[in-house]
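Summary of structural features
The residues making up each chain are set out below.
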Amino acid sequence: MNDRATIKNTAKEILRRYWGTCIGVLVLYAVLVSAITALSFGIGDFFLVPPLLVGLTLFFINVWRREGPTLDTLFSGFQRYPQTLLGVLWLYLWPSLGP
């Protein structure tokens, strides 16, 4: 099992290579989510933000795997739109079933 120092050094090594790209993608994600939330009156939160979140997650998985993450990865959640929407519906409706 890896100790804390090994994990920290690995993360620093990976981020040293992709630091600028990671910051740029996070800023773009924040701007897009803010714009969607402000302009869509809550409807976009349900339909547009989850695919972006899936893309952001896939972006950082690619960073960790050192697979050359690109800006296109941020929008890759829209390629899996039906699965993403069903996952969000599942997460929103599951609590309403009750115990």
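Residues numbered from 1 in each chain as written. Predicted model: local features only at pLDDT ≥ 70, side-chain atom pairs only at ≥ 80, totals over all residues. Heavy atoms only, no water.

1. Some remarks on the overall build of the protein
Summing up its helical and strand segments, the protein has four helices and zero strands in all. In the protein, the succession of helices and strands from N to C terminus is α-α-α-α. Taking 99 residues into account, the globule formula puts the C-alpha radius of gyration at 13 Å, and the protein, at 16 Å, lies well above it. Evaluated residue by residue, the protein yields a buried proportion of 26% over its 99 residues. Expressed as a percentage of contacts within the protein between residues at least 6 apart in sequence, the contacts between residues at least 24 apart total 59%. Entry remark: accessible area of the protein is about 7,200 Å², with carbon and sulfur atoms responsible for 68%. Side chains of the protein give 8 positive and 5 negative charges; the mean places of these two sets differ by 8 Å. (Helix = DSSP H or I, 4+ residues; strand = E, 2+ residues; numbered from the N terminus. Rg over C-alpha atoms; globule rule 2.2 N^0.38 Å. Buried < 20%, exposed > 50% of the residue type's maximum accessible area, 1.4 Å probe, protein only. Contact = heavy atoms within 4.5 Å. Areas by Shrake-Rupley, 256 points an atom, 1.4 Å probe, with all protein chains shown as cover. Lys, Arg positive; Asp, Glu negative; His and termini not counted. Charge placed at Lys NZ, Arg CZ, Asp CG, Glu CD.)

2. A word on the nonpolar core
Nonpolar side chains tend to gather and get buried jointly when the protein is soluble and globular. Tyr29, Leu52, Val63 and Leu74 are the most contacted members of the largest nonpolar core, which has 13 residues in total. Elements represented by at least two residues in this core include exactly α1 (4-40) and α3 (49-65). For this core, the leading source of residues is α1, giving seven residues. Once you skip the residues sitting within four places of it in the chain, leucine 74 turns out to touch Val25, Leu28, Tyr29, Leu32, Pro51, Leu52, Gly55 and Leu56. (Core = buried A, V, L, I, M, F, W, Y, C linked by side-chain atoms within 4.5 Å.)

3. Some points on the pattern of salt bridges
Applying the stated criterion to the full structure yields one salt bridge. Of the charged contacts, one joins glutamate 13 and arginine 66 as a salt bridge, the two residues approaching to 3.7 Å between their closest N and O atoms. Of the two residues, glutamate 13 sits in helix α1 while arginine 66 sits in the loop between α3 and α4 (81-93), which places them 53 residues apart along the sequence. For arginine 66, a relative accessible area of 41% gives the class partly exposed. (Salt bridge = Lys/Arg side-chain N within 4 Å of Asp/Glu carboxyl O.)

4. Brief notes about the packing of α3 against α4
In the contact formed by α3 and α4, the axes pass within 9 Å of each other and the chain directions differ by 110 degrees. One way to sum up the angle between α3 and α4 is to call them roughly perpendicular. Of the residues in α4, those in contact with Pro50, Pro51 and Val54 of α3 are Tyr81, Thr84 and Val88. Looking at the contact of α3 with α4, its residues break down into five nonpolar, one polar and no charged. (Axes fitted to C-alpha atoms, helices over the stretch in contact; angles between N-to-C directions. Parallel < 35°, antiparallel > 145°, perpendicular 65-115°, else oblique. Nonpolar A, V, L, I, M, F, W, Y, C, P; charged D, E, K, R; others polar.)

5. So, a nonpolar patch on the surface
The grouping of Leu86, Leu89, Trp90, Leu91, Tyr92, Leu93, Trp94 and Leu97 at the surface amounts to a nonpolar patch, some 970 Å² of accessible area in total. Here tryptophan 94 is to be found in the segment after α4. (Patch = residues over 30% accessible without salt bridge, like charges linked within 9 Å, V, L, I, M, F, W, Y side chains within 5 Å.)

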